[in-house]
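Overview (structure and organization)
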Amino acid sequence: MQHGKYRFIVGFLALPLGLYALFVIWPFIQSIYYSFTDWTGLSPEFKMVGFDNYSRMLDDDIFWKSLQHSLLFALLLPVVTIGLALFFAFMINVGGRKRRNGPVITGVRGSGFYKIVYFFPQVLSIAIVALLFAFAYNPDSGAINSLLRGIGLGDLQPLWLGDPDLALWAVMAVLVWSTVGFFVVLFSAGMASIPADMYEAALLDGANRFTTFFRITLPLLWDTVQSGWVYMGILALGAESFAVVQIMTTGPGGPDYSTTVMVLYVYQKAFRDGQAAYATTIGVALLVVTLAFAAVVMRLGRRERLEY
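Below is a summary of the structure that appears in this document. Remember, it's a predicted structure, so these values are computed and weren't measured experimentally. (Residues numbered from 1 in each chain as written. Predicted model: local features only at pLDDT ≥ 70, side-chain atom pairs only at ≥ 80, totals over all residues. Heavy atoms only, no water.)

1. Brief notes about a nonpolar patch on the surface
- Where nonpolar side chains cluster on the molecular surface, the patch consists of Leu-15, Leu-19, Tyr-20, Leu-22, Phe-23, Ile-25, Trp-26, Phe-28 and Ile-29 and spans about 930 Å² of accessible area.
- Position of Tyr-20 relative to the elements: it lies in helix α1 (residues 5-34). (Patch = residues over 30% accessible without salt bridge, like charges linked within 9 Å, V, L, I, M, F, W, Y side chains within 5 Å. Areas by Shrake-Rupley, 256 points an atom, 1.4 Å probe, with all protein chains shown as cover. Salt bridge = Lys/Arg side-chain N within 4 Å of Asp/Glu carboxyl O. Helix = DSSP H or I, 4+ residues; strand = E, 2+ residues; numbered from the N terminus.)

2. Let's talk about the environment of Met-232
- Within the secondary structure layout, Met-232 lies in helix α10 (residues 222-237).
- In this structure the C-alpha to C-alpha distance between Met-232 and Thr-40, which are 192 residues apart in sequence, comes to 33 Å.
- For Met-232, the contacting residues outside a window of four places in its chain are Leu-77, Pro-78, Thr-81, Thr-179 and Phe-183. (Contact = heavy atoms within 4.5 Å.)

3. Focus: unusual backbone geometry
- The amide bond that connects Gly-251 to the next residue, Pro-252, takes the cis arrangement and shows omega of -10 degrees.
- In this fold, Pro-252 is placed in the loop between α11 (239-248) and α12 (262-272).
- The omega torsion of the bond from Gly-254 to Pro-255 falls at 0 degrees, within 30 degrees of zero and hence cis.
- Relative to the elements of secondary structure, Pro-255 occurs in the loop between α11 and α12.
- For Asp-256, which is not glycine, the phi torsion reads 55 degrees and is therefore positive.

4. Side note on the pattern of salt bridges
- Applying the stated criterion to the full structure yields 3 salt bridges.
- One salt bridge connects Asp-273 with Lys-269, and the closest N-O pair in it is separated by 3.4 Å.
- Across the pair Arg-272 and Asp-273 runs a salt bridge, and its minimum N-O distance is 3.0 Å.
- For Arg-272, a relative accessible area of 52% puts it in the exposed group.
- Residues joined by salt bridges that share partners form a network here, namely Lys-269, Arg-272 and Asp-273. (Buried < 20%, exposed > 50% of the residue type's maximum accessible area, 1.4 Å probe, protein only.)

Rendered as structure tokens:
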């Protein structure tokens, strides 16, 4: 059985690892290299400048603003999104009342329909979602302010994306709305695999829904929750936050850099300002932040695996 085992393993792994090294690892190495140059991104000529780009980054007020916003996205968005998704998934799968001649453990009525409704935003491109909410947030003709006027709250007319104090929260709300459905379906699949006998035994012992969630559902679903937490944090630091800020906000990244995130700042420096070397420096900082976030979540979320 051991004969040719390593040749077999290497044969299957060589091509995927080679592609990963070529298209993932090598661009990272190139970015780190270019961060020590003055490359504009438009000319093949450049020279080494040492740590000048990193010194400039540390003195850049806009960089620190973008870092603060990205950290807020990474810390707050997963908490809200994962929390809502767990609540909805629990209600869909085990949060309903016992029905006559039915199983003891059941979801709320219409749970199948709710799954479709929650997952619907995943069918839409994030660009389409951002455009729809950009129209909805319009202070004059948008759906949200029109609704406020319709219910007699005409004096309460926020500028939403035009208010530096509200713009970032408005963008974050869009990200929650667009991603929570995916995690509802993910957690629902995990909860469906938990034996109903465990819930029935807990209910017979007098446990309520709150207790069964924290004593049974969450511990048995923890590996999935932890993976979802890391995945959501990476989305918040990367492509999802870039798309909604780029499409929805003025500037983009405004007003007054109140919604600028690191990935958007990288894009602006590289393609708007022609400062590719400085953009790769900020990209290296973003890489460090992302890896640190994933490492902290994996470390703090480490616990003994439960089997059933």
